[in-house]
Amino acid sequence: MRLLERMRKEWFMMGIVLAIAGAKLEPSIGVNGGPLKPEITVSYIAVATIFFNSGLSLKTEELTSALVHIKLHLFIQIFTLAFFPATIWLFLQLLSITPINEWLLKGLQTVGCMPPPVSSAVILTKAVGGNEGIVITPLLLLLFLGSSSSVPFTSIFSQLFMTVVVPLIIGQIVRRYIKDWLERKKPPFGAISSSVLLMIIYTTFCDTFSNPNIDLDKFSLILILFIIFSIQLSFMLLTFLFSTRNNSGFTPADTVAIIFCSTHKSLTLGIPMLKIVFAGHEHLSLISVPLLIYHPVQILLGSVLVPTIKSWMVSRQKILSSSEHHVVLSYRE
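Residues numbered from 1 in each chain as written. Predicted model: local features only at pLDDT ≥ 70, side-chain atom pairs only at ≥ 80, totals over all residues. Heavy atoms only, no water.

Asks: With reference to specific residues and values, describe helix H5 (residues 70-95).
Replies: Taking 1.5 Å per residue as the helical rise, H5 with its 26 residues ought to reach 38 Å, and the 36 Å between its terminal C-alpha atoms agrees with that figure. A maximum bend of about 35° is found in H5 at Phe-79. Along H5, the positions that sit buried rather than exposed are Leu-72, His-73, Phe-75, Ile-76, Phe-79, Thr-80, Leu-81, Phe-84, Pro-85, Ile-88, Leu-92 and Leu-95. (Helix = DSSP H or I, 4+ residues; strand = E, 2+ residues; numbered from the N terminus. Expected span 1.5 Å × (residues − 1). Bend = angle between axes of the 7 residues up to and from the residue. Buried < 20%, exposed > 50% of the residue type's maximum accessible area, 1.4 Å probe, protein only.)

Asks: Residue-level account of unusual backbone geometry, with values.
Replies: The backbone phi angle of Lys-37 is positive, close to 50°, even though this residue is not glycine. Unusually for a residue other than glycine, Lys-186 sits at a positive phi of about 50°. Accessibility expressed as a relative area gives 59% for Lys-186, which makes it exposed.

Asks: Help me get a handle on the pattern of salt bridges, residues and values and all.
Replies: Summed over all chains, the structure comprises one salt bridge. The partner of Arg-175 in a salt bridge is Glu-183, and the shortest N-O contact between them spans 3.2 Å. Exposure remark for Arg-175: the relative accessible area of 5% places this residue in the buried category. (Salt bridge = Lys/Arg side-chain N within 4 Å of Asp/Glu carboxyl O.)

Asks: Outline the packing of helix H2 (residues 11-25) against helix H10 (residues 189-209), listing residues and values.
Replies: Two elements in contact, H2 and H10, have axes whose closest approach is 8 Å; the angle formed by their N-to-C orientations is 25°. Taken together, the axes of H2 and H10 are roughly parallel relative to one another. Judged by the sense of rotation from one axis to the other, the crossing of H2 with H10 is right-handed. Residues Trp-11, Phe-12, Gly-15, Ile-16, Ala-19, Ile-20, Gly-22, Ala-23 and Lys-24 of H2 pack against Ala-191, Ser-194, Ser-195, Leu-197, Leu-198, Ile-201, Tyr-202, Phe-205, Cys-206 and Phe-209 of H10. In the contact of H2 with H10, the residues fall into 14 nonpolar, four polar and one charged. (Axes fitted to C-alpha atoms, helices over the stretch in contact; angles between N-to-C directions. Parallel < 35°, antiparallel > 145°, perpendicular 65-115°, else oblique. Left-handed = near helix turned anticlockwise from the far one by under 90°. Contact = heavy atoms within 4.5 Å. Nonpolar A, V, L, I, M, F, W, Y, C, P; charged D, E, K, R; others polar.)

Asks: How would you explain the packing of aromatic side chains if you had to name every residue and give the values?
Replies: Overall, the coordinates contain nine aromatic pairs when judged by the stated rule. Residues Phe-75 and Phe-250 carry aromatic rings whose centres are separated by 5.7 Å and whose planes lie at 65° to one another, so their mutual orientation is edge-to-face. Placement of the pair is Phe-75 in helix H5 and Phe-250 in the loop between helix H11 (218-243) and helix H12 (252-263), with a sequence separation of 175 residues. For Phe-75, a relative accessible area of 14% gives the class buried. Since its relative accessible area comes to 13%, Phe-250 is described here as buried. Ring centres 5.9 Å apart and planes at 50° place the aromatic pair Phe-83 and Phe-235 in the tilted group. On the criterion of sequence distance, the pair formed by Phe-83 in helix H5 and Phe-235 in helix H11 is long-range, its members being 152 residues apart. Phe-235 gets classed as buried once you look at its relative accessible area, which sits at 7%. Ring pairing ties together the aromatic residues Phe-75, Phe-79, Phe-83, Phe-84, Phe-235, Phe-242 and Phe-250, which thus form one cluster. In this structure, Arg-245 packs its charged tip against the face of Phe-242, placed 4.2 Å from the ring centre. (Phe/Tyr/Trp six-rings, centres within 6.5 Å; stacked < 30°, edge-to-face > 60°. Lys NZ or Arg CZ within 6 Å of the ring centre and 35° of its normal.)

Asks: Which residues make up the environment of Met-313, and what are the values?
Replies: On the secondary structure map, Met-313 appears in helix H14 (residues 284-332). Residues Met-313 and Thr-255 lie 58 residues apart in sequence; the distance between their C-alpha atoms is 8.6 Å.

Asks: Describe the environment of Met-236, and please don't skip the residues or the numbers.
Replies: Along the chain, the position of Met-236 falls in helix H11. Using a relative accessible area of 6% as the deciding quantity, one classes Met-236 as buried. Met-236 sits 24 residues away from Phe-260 along the chain, and the two C-alpha atoms are 7.5 Å apart. Ignoring sequence-local partners within four residues, the contact set of Met-236 consists of Ile-259, Phe-260, Thr-263 and Leu-305.

Written out as structure tokens, the structure reads:
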């Protein structure tokens, strides 16, 4: 029973493994021009479906309330979109002299440019009892990824607009008219997006395994896994130390939001983005590997650290509450 329950809970992780294994066994099905016609079904329909689904599920009222926490919002924006990618870039200058596969290193840089997911970061934040920090992907991310692509930026921008922005807006408009029905029925938005994402992952690796010139050595893969673990732990510790220093102005609940939202990266946005930005690139799947690794690692580390962080937050809030009470009593005296 526990095994089945665990499998139901981790079905998406298992789906990623099966999608890659299926692509290895029969890559001809998902290649460009193959039976699935991914150049149409994936590049346009699948990506648009994910963001229309996001538009339907996105609660604009929650975004509005999140913007009230200007300092928290600004910190997460700067850390995620400036400090994170810049630090990764500097780190990669050192790694470039190592024998690690260059396309995996490029993939590590794209991970640094990704925004945090609304889903896992918010779920883990709620599990502890903190505040939600919601970050929206800025144009800076597209510019950074676009500069490394052979596809013209105008083409990237137009496709992103048609397959990401337009479906998201349409989803939000539709949500206004069926909001009560959505709240009542609670459709499985996450499961729908994840299922479509598995199709994108499958077709991406079909292109890889159908190309005999691409070879991924196990040494590079193991090192990338170790590097990703180290990056996440280091950045979680760094955000914790910074947000808890004296006069930081952040509450314990804010610290929780900062730890998770500043260090987590979005697979749901990331894979479709890479598919568009690196369209037709023969090493697309290798560039995608670090993000595919980063996703389960962030969930694993988050799950392990939630009890510890929750315990810290509760004790810290008690200390602050008791000190405030002491100040009030002293004032009255």
